[in-house]
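# Residue-level structure breakdown
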Amino acid sequence: MSKPVSGGFTKTPGWLDWYTGPSKPSFQLPPGAVDAHCHVFGPGAQFPYAPERKYTPCDASKEQLFALRDHLGFARNVIVQATCHGADNRALVDACLASGGRARGVATVRRSVSDAELQALHAAGVRGVRFNFVKRLVDFTPKEELLEIAQRIQALGWHVVVYFEAADLPELWDFFSALPTPVVVDHMGRPDVSQPVDGPGFELFLKFMRQHPHVWCKVSCPERLSLAGPPALDGQAAPYRDVRPFARRVVEQFPERVLWGTDWPHPNLKDHMPDDGLLVDFIAHIAPTPELQRKLLVDNPMRLYWPDE
Ligand SMILES: O=C(O)c1cc(C(=O)O)oc(=O)c1
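Being a predicted model, the structure only gives us computed values, none of them experimental.

When helices and strands are counted, the protein shows 11 helices and 8 strands. With 309 residues in all, the protein has 60% of them scored as buried. Considering only intrachain contacts with a sequence separation of at least 6, the fraction spanning at least 24 residues in the protein is 76%. Here the protein contributes 33 positively and 36 negatively charged side chains, and the mean placements of these two sets differ by 1 Å.

Turning our eyes to something else, we now look at the site of the ligand. With respect to spatial proximity, 16 residues lie near the ligand, and among them Tyr55, Thr83, Arg130, Arg136 and Tyr163 are the closest. In this structure, Tyr55 approaches the ligand through a side-chain N or O atom, which is 2.5 Å from an oxygen atom. Take Arg130: an N or O atom from its side chain is 2.8 Å from an oxygen atom of the ligand. Coverage of the ligand by the protein chains reaches 100% of its 320 Å² of free accessible surface. For the shell around the ligand, the per-class residue count stands at 5 nonpolar, 6 polar and 5 charged.

This part takes up the nonpolar core. Within the largest apolar cluster, 106 residues are counted, with the highest numbers of intra-cluster contacts made by Phe131, Phe176, Met188, Val219, Val250, Trp260 and Leu297. With 7 residues, the top contributor of residues to this core is helix H11 (residues 290-305). In this view, Val250 contacts Met188, Phe202, Leu206, Met209, Cys217, Val219, Pro255 and Val258; residues no more than four positions away in its chain are not counted.

Bringing the UniProt feature "domain: Amidohydrolase-related" (unreviewed entry) in the protein into the picture now. Mapped onto the present numbering, the UniProt feature "domain: Amidohydrolase-related" (unreviewed entry) falls on residues 34-305. Across residues 34-305, the secondary structure splits into 38% helix and 13% strand, with the terminal C-alpha atoms separated by 10 Å.

Unfilled space is identified by rolling a water-sized probe across the atoms. In this structure the tally under the stated criterion is 2 cavities of 30 Å³ or more. In this structure, the largest cavity spans a volume of roughly 110 Å³. If you go around the largest cavity, you meet 15 residues; those closest to its centre are His39, Arg130, Leu137, Tyr163 and Pro267. A breakdown of the residues in the lining of the largest cavity according to their chemical character gives 5 nonpolar, 6 polar and 4 charged. Estimates place the volume of the second largest cavity at around 30 Å³. If you trace the second largest cavity, you find it lined by Val40, Ile79, Val80, Gln81, Ala82, His85, Ala91 and Leu92. Mapped by element, the contributors of at least two residues to the lining of the second largest cavity are strand S2 (76-80) and helix H2 (90-98).

A separate point is unusual backbone geometry. Residue Pro43 is bonded to the preceding Gly42 through a cis peptide linkage, with omega at 5 degrees. Counting through the fold element by element, Pro43 comes out in the loop between strand S1 (34-38) and helix H1 (62-72). A cis amide bond links Trp264 to the next residue, Pro265, at an omega of 0 degrees. Looking at where Pro265 falls in the secondary structure, it is placed in the loop between strand S8 (258-259) and helix H9 (276-281). Located in the positive-phi region is Cys221, a residue other than glycine, with phi close to 70 degrees. Of note in this structure, Tyr240 is not a glycine but carries a positive phi near 50 degrees. In this structure, Tyr240 sits in the loop between helix H7 (222-225) and helix H8 (244-253). Among the residues examined, Tyr240 registers a relative accessible area of 1% and is labelled buried.

What counts and what doesn't
- Residues numbered from 1 in each chain as written.
- Predicted model: local features only at pLDDT ≥ 70, side-chain atom pairs only at ≥ 80, totals over all residues.
- Heavy atoms only, no water.
- Helix = DSSP H or I, 4+ residues; strand = E, 2+ residues; numbered from the N terminus.
- Buried < 20%, exposed > 50% of the residue type's maximum accessible area, 1.4 Å probe, protein only.
- Contact = heavy atoms within 4.5 Å.
- Lys, Arg positive; Asp, Glu negative; His and termini not counted.
- Charge placed at Lys NZ, Arg CZ, Asp CG, Glu CD.
- Near = heavy atom within 4 Å.
- Polar contact = N/O pair within 3.5 Å; in protein donor to acceptor, adjacent residues only side chain to side chain.
- Areas by Shrake-Rupley, 256 points an atom, 1.4 Å probe, with all protein chains shown as cover.
- Nonpolar A, V, L, I, M, F, W, Y, C, P; charged D, E, K, R; others polar.
- Core = buried A, V, L, I, M, F, W, Y, C linked by side-chain atoms within 4.5 Å.
- UniProt positions renumbered as here; feature names shortened; annotations may be inferred.
- 1 Å grid on protein atoms, 1.4 Å probe; cavity = no way out; pocket = protein on both sides within 12 Å on 5 of 7 lines; lining within 4 Å.
- Points joined across faces, edges and corners; volume = space filled by probe spheres on them.

Here it is, written out as structure tokens:
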């Protein structure tokens, strides 16, 4: 059954709702595992979607996110501001505050944000800002504006999360190099997985990570990057086979600088919605040892988001 969007909004035509009744993962998450990339959407009646948004999703509330966290066996979440909420972080803040310290946030702010607003975000659990360069999701923001924001949030001990397409890395390279905070790349910088893992495209990304010790990588979103499938559905034991070597290479080369997240509720997927339980099973293929799994799922996200614990 189609999931609702409240508040008088209409879902983008063709929108796929998140999957109901995900399976229990067979992969046993280590104690204290963090889902380091997920979102909340609305609900629209309480937290309206932003006028400048490029899509309107179905609602995906904090209660539904926390239920998924518990079902899958995660201890904590990092909730990333979704572009459908623009720079209005109220839904994110509400979710962080309701989590009892078990969620941190990554917000989107404009240059006009006041110091008092930044302090309030910090108090709610925000530890980073997201800069988005994916043209189908956001309008362009000048780099001087982003740099100014980065300099301000550096004082709070935050970091910058960046989302971009692989083809745009050369143009963004110098800007990322100049950022004064840790930089966390969403979804491996969106490699073209039809290309060889040791080909020039992905090698450029690996070189970028090698040359910049302040850059981290989320080895997330195989369901977005896969061209060959098969999808994490119907008990599939080997989903997204084509993405595995890419993610595994990053985990093995940079074990101290990788994060993993479900990306629930999976905005803008076009052909299927993954079973999040089977998506968790993907982790064992990209982080094959207990030590790599502990770094990816516990030690690294804790260092970045809960450094005092
Ligand atoms: O590829 C996407 O469509 C996408 C969108 C968003 C967002 O709208 O914030 O976040 C993501 O992590 C991925």
